[in-house]
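Fold and contact review
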Amino acid sequence: MSAELIEPILWAIGMALLAAVVFTGIGLISGTDETAIVAPLALLVILIGVPPAGVIAFFLSAIIAKHISHAVPTTLLGIPGDTTAVPMLREAQLLRSLGVPHLALQKAISGGVVSVIIAIPLSILFALILTPFAEAIGAAAPWIFIAAAVLVAYTSKGKLAAVVGLIPFVLVIVGLQAFILEQKEATFTTSFFLGIATGPLIFDLFSALSPVGRRSMRQSGKREFNLAPDVRPAGGAKLPNPFRVLDRSQLAYTSGSAAITSATFVFSPVAMAVLMGEIAGSRIKNGYHRLTTVITVRNGTTESTYLAETLIPLIAIGLPLSPMAAGPAAPLFNAPPVYTLDAEAGTTNNLHDLLSTGEFALFAVIAAVIAIAVAYPFVMRNAHRAASWVMRSVSHEAIIAGFAALICVICLYEGGLLALGVTLTVGLVGGLFNRMIGMHAGVQFMGYYVAVLTVPALLAL
Amino acid sequence: MPHMLEVWNDTVDGKHLIGSIAIGVGIAVPAYLIADRIFADAGDDGSLGHSYALLVGILGCIVGAVISGLLFKPKRVITESATDTRNRQEVIDEVVEEYGELGDPRELGSAAQAEIRALGLFDALLENHEKRARDAEAAGQSHGGSAHGGGDSVQGHSDRAKGTEL
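None of the values given here were measured: they were computed from a predicted structure. Counting restarts for each chain, with residues numbered from 1 along the sequence as it is written. The lettering of chains begins at A and the numbering of ligands begins at 1, in the order of writing. Where totals are concerned, whole chains, interfaces and linings use all residues; where local detail is concerned, this predicted model gives features only for residues with pLDDT of at least 70, and gives and counts side-chain atom pairs only at 80 or more.

**Details of the overall build of chain B**
Rules: Only runs of H or I of at least four residues qualify as helices and only runs of E of at least two qualify as strands under DSSP, and these elements are numbered from the N terminus. Residues are called buried when their C-beta atom has 20 or more other C-beta atoms within 10 Å, exposed when it has 12 or fewer, and partly exposed otherwise; all C-beta atoms are positioned from the backbone. For the purpose of contact definition, each residue receives a C-beta atom placed from its backbone, and two residues are in contact when these atoms lie within 7 Å.
Within chain B, the regular secondary structure consists of six helices and three strands. Seen in sequence order, chain B has helices and strands lined up from the N terminus as β-β-α-α-β-α-α-α-α. Burial statistics for chain B: of 166 residues in total, 33% are counted as buried. Put simply, of all contacts in chain B between residues at least 6 apart along the chain, 56% involve residues at least 24 apart.

**Digging into the environment of L125 of chain A**
Within the secondary structure, L125 of chain A sits in helix α6 (residues 101-130). Between the C-alpha atoms of L125 of chain A and L43 of chain A, which are 82 residues apart in sequence, the distance is 27 Å.

**Some remarks on the pairing of strand β2 (residues 10-13) of chain B**
All names here are of chain B. Selection rule: A pair of strands counts as paired when DSSP detects no fewer than two bridges linking them.
Residues D10 and V12 of β2 are buried on one face, and the alternating residues T11 and D13, pointing to the opposite face, are buried as well. Bridging between strand β1 (residues 4-7) and β2 involves four bridges; their strand directions are antiparallel. The residue of β2 that forms the bridge with V7 is D10.

**A short note on the interface of chain A and chain B**
With 78 residues of chain A in contact, the opposing surface of chain B contributes 76 residues. Element by element, the count of residues in the side of chain A that touches chain B is highest for helix α20 (residues 396-437) of chain A, at 14 residues. Bridge count between strand β1 (residues 223-227) of chain A and strand β3 (residues 76-80) of chain B: five bridges; the pairing is parallel. Considered in β3 of chain B, the bridge of E224 of chain A is made with V77 of chain B.

**As for the confidence of the model for chain B**
All names here are of chain B. Note the cut-off: The predictor rates its confidence in each residue with pLDDT, a number between 0 and 100.
Looking at chain B, pLDDT values average 80 and 78% of them are 70 or higher. Averaged pLDDT values over the elements of chain B bottom out at 41 in helix α6 (residues 142-162) and peak at 94 in helix α1 (residues 14-41). Considering only residues more than four positions removed or in separate chains, one finds that residues 143-166, a stretch of pLDDT under 50, has 40 contacts. Across the interfaces of the predicted complex, the ipTM metric reaches 0.86, alongside a pTM of 0.85.

**Some words on unusual backbone geometry**
Cis geometry is found at the peptide bond from P336 of chain A to P337 of chain A, where omega equals 5 degrees. The phi dihedral of K159 of chain A falls on the positive side, at around 50 degrees, and the residue is not glycine. Structurally, K159 of chain A can be placed in the loop between α8 (141-154) and α9 (160-184). Look at N9 of chain B: it is not a glycine, yet its phi comes out positive at around 75 degrees. Its place among the elements puts N9 of chain B in the loop between β1 and β2. The exposure class of N9 of chain B is partly exposed, given the 15 C-beta atoms found within 10 Å.

**Digging into the packing of helix α1 (residues 6-28) of chain A against helix α19 (residues 357-393) of chain A**
Residue and element names in this part refer to chain A. Our working rule: Working convention: axes come from line fits to C-alpha atoms, limited for helices to the stretch in contact. Angles between N-to-C directions cover 0 to 180 degrees. Our angle categories are set so that under 35 degrees counts as roughly parallel, over 145 as roughly antiparallel, 65 to 115 as roughly perpendicular, and the remainder as oblique. Note on convention: near helix rotated counterclockwise from far helix by under a right angle means a left-handed crossing. Clockwise means right-handed. Three residue categories are used. Nonpolar comprises Ala, Val, Leu, Ile, Met, Phe, Trp, Tyr, Cys and Pro, charged comprises Asp, Glu, Lys and Arg, and polar comprises the others, including Gly.
For the pair α1 and α19, interaxial distance at closest approach is 8 Å and the crossing angle is 30 degrees. When the axis of α1 is compared with that of α19, the two are roughly parallel. For the element pair α1 and α19, the recorded crossing hand is right-handed. Residues A12, I13, A16, L17, A20, V21, T24 and L28 of α1 touch α19, and the partners they reach there are F363, I366, A367, I370, A371, V374, A375, F378, A386, A387 and V390. Of the residues contributing to the contact of α1 with α19, the split by class is 18 nonpolar, one polar and no charged.

Okay, here's the thing in C-alpha cells:
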C-alpha cells in the first residue's frame, strides 16, 4: 500500500465510524426520512472540508447503518422507520401478530447485511460496464434529466398533477436563480436542496403557525404507541451470524434481488423493494415462509438500491442520474463551492473526478465493514431497549428544533438572509406540492436539475 | 390536551414547539455569526474560517436540540403489550384472514423447520393448517376463495407503498 493512501484511509475509517454511530441512532427514530436527514448532514460534512475519502465513507456508512436500524421501529413499534421501510411494514405487523417481532427484525437486518455484501462489488462492476458511454450520457444530460423528471413525476403519488406541477416548480427555481444572480453575481445550490429536502417540515411549520392550518393538524391527545414485548429467547448474548439467520432459499432470493437491483439504478428504491418482495413472495407457497422471506428481501433491497444508485452514477457518469443520486446523495455531486457541476459546460468537479474506481471500491468496503460492525450487533442486542428509550426520552420538539436551527445556519453560511429566504420559499412551495398533490422530494430534485440543465439548453436551441 | 398538533409525522405541543425552535435557532445562529466574525477578524484564510464557523454553528444546533429535549418531554404514550395471552389458534386465524394460509410447516426445509420449532410455532401452525384442510374438504370450494383473498390484499398493499417512494 502506498504511503499517500494512508491518510485517506484513516479519514474513511474515522468518518465511517462517526456515520455508523450517528445513523444507527437516527434510524431508531421513526419517520426520519432519508432525503431530509442524510442529504443535509452529508452536505455539512462536505462544506466543513472533509476530504473525498471521508465524504464517500461517511455517506455509504450512514445509509447502510440507517437501513439496518430503521427496521427497529418498523418491526417493534409498527411504524415505518423511514420512507424505504414502508414496504416491509405489513409483513412486520403480521409477524408481530404471530408473536415473533424479534424474528422479523433479525430477518430484515440479516437481509440488509447480505444485500450490502452483494451490492457493493456488483454496483462497481455495472459502473465499469457503463463508463464507456459516460460521455454520450453527459452530452445528452439536459434531455435525460427532463425525461427522468417526467417519468419520476408520473410514477409518484401525484401522477399527472406532479408532471404538470413541474412547470410552476421549475419556473420558481429559474426565477429565484435569476434574481440571486443579479444580486450576488453567483448562484445558490445548497439553499435550494435544503428547501426541497426539508419542504414537508417547513410546510408543516407554516401550517402550524396559521390558525386555519392548525385546525387540520389538531390532535385530541398524546399519540399511543404499542411496543412489542421483548420475546427473545434467553441466552441472547451470542450474536447470530446473518448467514445463519436466513435459510438457503432466503439467501438465494435476497442475493438475487440485490444483484438485480444493483443494475436497475434508475428506478425508485421503494418501487424496487415492493417489486422484489412481490416476485420472491409469488414463488413461495408456504405462507409463513413467504412472510419471513418477503421482509428479508425487501429490507435487502433498500440497501442494494441505495448503494447502486449512489455508486453507479458517481463512478461512471458524475451526474446525479438516479432518483437516489438526485435526492439523499445530491450533495456528493453538487455542493458548491467544494463540489461543482457546471450546467453550461457540462463539466463536473465532484467525487466522480476526485476518486478513482479503485478508491471508490476501497472506501465502500471500509464503510460497509464499519457500518455493519457497528449497527448489526447493536440492533441484534439492544433493539428493544433502544426503541423504548427513544420513544420515551427523545422529544419530537427537540428534533424539529435541531433541524430548524440547522437550516438557518447552513443558509446563512451559503448566502446570508437571501439564502434563508430561498430555502423558505422553495421549502414552502415544495412542501405544499409534496403534501397536497403528492409530488415528492425526488421529483422536485429532478425539477431543480431541469431548471439548471434543461432550461438553458432549451433556450440555446 | 388543547395544544397538541401533528407536525412532521409526530405529535408536539404547539407552545413547546415554539419554545424549542426559539432555543435551537437562538443558540445556533448567534454561535455561527459570532464565530464567523471572530475567524474573519483573526485574518485566517477566508473560506477555512467560514467552515470552522459552520462547525461552531452545528454544535450550537446540537446543544439547542439537547436543551429542548431536556426541557420538553415527548408527547407519546408507550404501552408495552404483554405477550398475547389469547388462544394461539385465534391469533393465527386473524393473521390467516388478512394474509392467506400460512401453510404446512412440514413442507419447509430443515433450517426453516428448526426456526419455527425454536419459536414454538410449529405445532400451532401445523394444527391450524390441518384444521383448515379439514374445513376445506368439508366446505368444498371455500379454500380456493380464501387463498385468492390473500393474494388481492398483497396487491393492494404494493399499490399503496409505491406512492410514497423516494
